[in-house]
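Structural overview
Letter by letter, the chains look like this.
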Amino acid sequence: MDERLEALFKPKSIAVVGASRKPGKIGFEILRNIIEYGFKGKVYPVNPKATQILGLKAYPSLEAIPEDVDMVVVSVPAKFVPDIIDQAGKKHAKVAVVIASGFKEIGRADLEEEVVRRARKWGIRVLGPNIFGMIYTPARLNASFGPKDVIPGSVAFITQSGALGIALMGMTIVERIGVSAIISIGNKADIDDADLLEYLAEDPHTKVILIYLEGVTDGRKFLRVAQRVSLKKPIIVIKAGRTEAGAKAVASHTGSLAGNVVIYSTLFKQTGILQARTVEEAFDWARAFSYLPEYKGGQLVLVTNGGGAGVISTDTLAENGVKLEAPPKSLVDTLKPKLPAFASLGNPIDVTGMISNEGFVDSVLEALKNPEVGAVMGIYCQTAVTDPMVIASKLVREIKAMGGLPKPLVLTLIGGEECYWAVTKLNTAKIPTYPMPERAATTVAAIINYSRMREEVRERLKELGDVSD
Ligand code: COA
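Here the structure is a predicted model, which means the values were calculated and not measured.

**Some remarks on a positive patch on the surface**
A cluster of like positive charges, contributed by Arg-21, Lys-22, Lys-25 and Lys-49, occupies part of the molecular surface. For Lys-49, the position within the fold is in the loop between strand E2 (42-46) and strand E3 (52-53).

Below you can see the structure in the form of structure tokens.
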């Protein structure tokens, strides 16, 4: 483990160079987030014009700080950054988080190279430049100018886009998706996706890694590392620049090459990476992976009270490479006496629109408990004879009584406002639930496809003598 990366996630002390005295300026907001999110280490604001900022003693320069510092957050204009790196070196800093824009993305590759050259001389790792900072919730570290109240959890999010990343940070809060880390990597002058993947693979607080990717500089390194990491935890990628027009936009955004879309998709598959088509899809999947136990094989069973929603889900699963087989006989035998005579006991199991709250919940739970079933998708359409909130509460209670989910369960609750609140209740209880059947079905497909891809990667590496059983 590179101890300098350890200092990125768990610094003992942080200096903020360019900590502004003025609320609303980036340097001020970063310092405020570090303090208010509850970082426990030492924090040194650096600003030649201030003596005190946000109640902390301010220092005119890094050199004026009486001790060494682990992390230096650099929030001064680009042209000053190389000299700040030299000063950070004298303070034995291990990592510099360079917020400033104005480097490769505007044709100043020379200035970016100078920053890296000086950082290497001092043995400092550089995150950025052109970033909004980073967050690591287990260390109560929010060194970013994004939202303050990020919810701790187990999704790590690496983003090459700053503003989009900040916006999505906000979305995770509204959607109640807990994160372990959010890392803005911008121009990736030094620390890149592969470095972060390696670190996060070993991080016990991270269950799933989500990457917004525009391009990679060292493709071989990325794929080699991703292949190994995907054996341990799922990696979900949103690859931007899929079209010619998008690729041009990427070049002027972070100065990356977007590359060929088909090549990327093929390589992702071979590497065990899940490629999401949309941001919504990526977060839908991340939520499920962070809440659920591992899928260990076995049949997928759909339980629905609405035939149409069952068909839509079946279509979506098939489009994503997941075929349904007839449900286990033992499950059919258990459910048959409890269901209306006209219930359909194929897969999907259609428990019919006349099913009660208890009947729907019971059918989902029976499927979950069946030893031949590996994963369950529950599809609920709001009817006048049921109440989505009662169903949600009962599911939460029963699953808690079972000691948590024994295998993956993904739900969709389709209907009006009551469904919205029931979806929120279930997600808060860490049972992944979506308001649309397609969203739930692509999530189930991602869970099954990840398991398949991982097996393929494992087999391939074994053939190459590269992995033990
Ligand atoms: N050391 C320490 N502090 C210094 C300094 C130095 N060498 N030089 C200036 N400062 C102080 C300034 O006095 C100022 O403090 P004040 O507001 O109390 O007067 C503060 O540091 C910031 O410097 P300033 O020159 O006002 O810069 P700024 O805040 O306007 O802009 C950046 C700095 C880094 C935010 C800006 O250059 C930038 O790159 N913005 C884009 C960032 C971005 O979008 N990144 C990508 C995210 S997605």
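**Concerning helix H15 (residues 417-428)**
Between the first and last C-alpha of H15 there are 17 Å, a value that for 12 residues agrees with the 16 Å anticipated at 1.5 Å per step. Among the residues of H15, those classed as buried are Cys-419, Ala-422, Val-423, Leu-426 and Asn-427. With its buried residues spanning 135 degrees around the axis, H15 presents them on a single face. With respect to the buried face of H15, the exposed residues turned more than 90 degrees away are Glu-417, Tyr-420 and Thr-428. Structurally, H15 contributes buried residues whose contacts are with helix H10 (279-291), strand E18 (373-381), helix H14 (388-401), strand E19 (409-414) and strand E20 (433-434). Where H15 ends, the next residue or the one after it, Lys-430, has phi of about 65 degrees, a positive value.

**Comments concerning the site of the ligand**
Around the ligand lies a shell of 24 residues, among which Ser-20, Arg-21, Lys-25, Asn-47 and Ser-101 are the nearest. Separating an oxygen atom of the ligand from a side-chain N or O atom of Lys-25 is a distance of 2.6 Å. Between Val-46 and the ligand, the recorded distance is 3.5 Å, taken from a backbone N or O atom to a nitrogen atom. Classifying every residue of the shell around the ligand gives 13 nonpolar, seven polar and four charged.

**Let's talk about the pattern of salt bridges**
Taken as a whole and judged by the stated rule, the model has 32 salt bridges. With its nearest N and O atoms 3.2 Å apart, the salt bridge here joins Lys-221 to Asp-195. Residue Lys-221 is located in helix H7 (residues 219-232), and its partner Asp-195 is located in helix H6 (residues 193-202); the two are separated by 26 residues in the primary sequence. Overall, Asp-195 belongs to the buried group, its relative accessible area being 9%. The salt bridge involving Asp-284 is made with Arg-439; its shortest N-O contact spans 2.8 Å. One end of the pair, Asp-284, is in helix H10; the other, Arg-439, is in helix H16 (residues 437-463), and 155 residues separate them in sequence. One continuous salt-bridge network, built from bridges that share partners, spans Asp-2, Arg-4, Arg-120, Arg-125, Asp-190, Asp-192, Asp-195 and Lys-221.

**Some remarks on the packing of helix H11 (residues 307-319) against H16**
For any two helices packed against each other, one specifies the inter-axial angle together with the distance between the axes. Relative orientation of the contacting elements H11 and H16 amounts to 40 degrees, with a least axis distance of 9 Å. Comparing the axis directions of H11 and H16 gives the class oblique. Along this stretch, H11 crosses H16, giving a crossing that reads as right-handed. Where H11 approaches H16, its residues Ala-309, Ile-312, Ser-313, Thr-316 and Leu-317 are matched on the opposing element by Pro-437, Glu-438, Ala-441, Thr-442, Val-444 and Ala-445.

**Here we look at the domain arrangement of the protein**
Accessible area lost upon the coming together of the parts is a frequently used measure of interface size. Splitting the protein by domain gives domain 1 (1-132), domain 2 (150-291) and domain 3 (295-452). If you look at the interface, domain 1 gives 23 residues, while domain 2 gives 28 residues. Both sides of the domain 1 and domain 2 interface together cover about 2,100 Å² of buried area, and 61% of this is carbon and sulfur. Run the count over domain 1 and domain 2 and you get three salt bridges. Across the salt bridge formed by Asp-190 and Arg-120, the nearest N and O atoms sit 3.3 Å from each other. Across the contact surface, domain 1 and domain 2 share 13 residue pairs in polar contact (both at pLDDT 80 or more). Elements that contribute at least two residues to the side of domain 1 that touches domain 2 include exactly helix H1 (3-9), helix H4 (109-122) and strand E7 (125-127). Looking at side-chain class alone, the side of domain 1 that touches domain 2 contains 14 nonpolar, two polar and seven charged residues.

Reading the values: the criteria
Every residue gets a number counted from 1 within its own chain, in the order that chain's sequence is written. The predicted origin of the model limits local features to residues at a pLDDT of at least 70 and limits the giving and counting of side-chain atom pairs to 80 or more, whereas totals for whole chains, interfaces and linings rest on all residues. Only hydrogens and water are set aside; all other atoms, that is, all heavy atoms of the structure, feed into the side-chain values. Surface patches are defined over residues having more than 30% relative accessible area and no salt bridge, joining like charges when they lie within 9 Å and nonpolar side chains (Val, Leu, Ile, Met, Phe, Trp, Tyr) when within 5 Å. Using the Shrake-Rupley algorithm and a 1.4 Å probe, accessible areas are obtained, with residue cover drawn only from the displayed protein chains. A pair is scored as a salt bridge if a Lys or Arg side-chain nitrogen falls within 4 Å of a carboxyl oxygen belonging to Asp or Glu. The charge count treats Lys and Arg as positive and Asp and Glu as negative. His and the chain ends do not count. For charged residues, the charge sits on one atom: NZ in Lys, CZ in Arg, CG in Asp, CD in Glu. Comment: elements are numbered from the N terminus, with helices defined as DSSP H or I runs of at least four residues and strands as E runs of at least two. Residue count minus one, scaled by 1.5 Å, sets the expected span of a helix. Three labels apply to residues, based on accessible area from a 1.4 Å probe with only protein chains included: buried if under 20% of the type maximum, exposed if over 50%, partly exposed otherwise in between. In this description, the arc belongs to the directions extending from the helix axis to the C-beta atoms. We call two residues contacting when some pair of their heavy atoms lies within 4.5 Å. For this purpose, a residue is taken to be near a molecule or strand whenever a single non-hydrogen atom of the residue falls within 4 Å of it. Nitrogen and oxygen atoms within 3.5 Å of one another constitute a polar contact, given that in protein one can donate a hydrogen and the other can accept it, and given that sequence-neighbouring residues count only through two side-chain atoms. Ten residue types, Ala, Val, Leu, Ile, Met, Phe, Trp, Tyr, Cys and Pro, are classed as nonpolar, four, Asp, Glu, Lys and Arg, as charged, and the remainder, Gly among them, as polar. Structural elements are reduced to axes, namely lines fitted to C-alpha atoms, with helices fitted over the stretch in contact, and the angle between N-to-C directions of any two is expressed from 0 to 180 degrees. Just so you know how the angles are binned, under 35 degrees is roughly parallel, over 145 roughly antiparallel, 65 to 115 roughly perpendicular, and the rest oblique. Whether a crossing is left-handed or right-handed is set by the direction in which the near helix is turned from the far one by less than a right angle, anticlockwise for left-handed and clockwise for right-handed. Where each domain begins and ends follows an automated or database-derived domain assignment. Summed over both partners, the accessible area (1.4 Å probe) lost when two parts come together is defined as the buried area.

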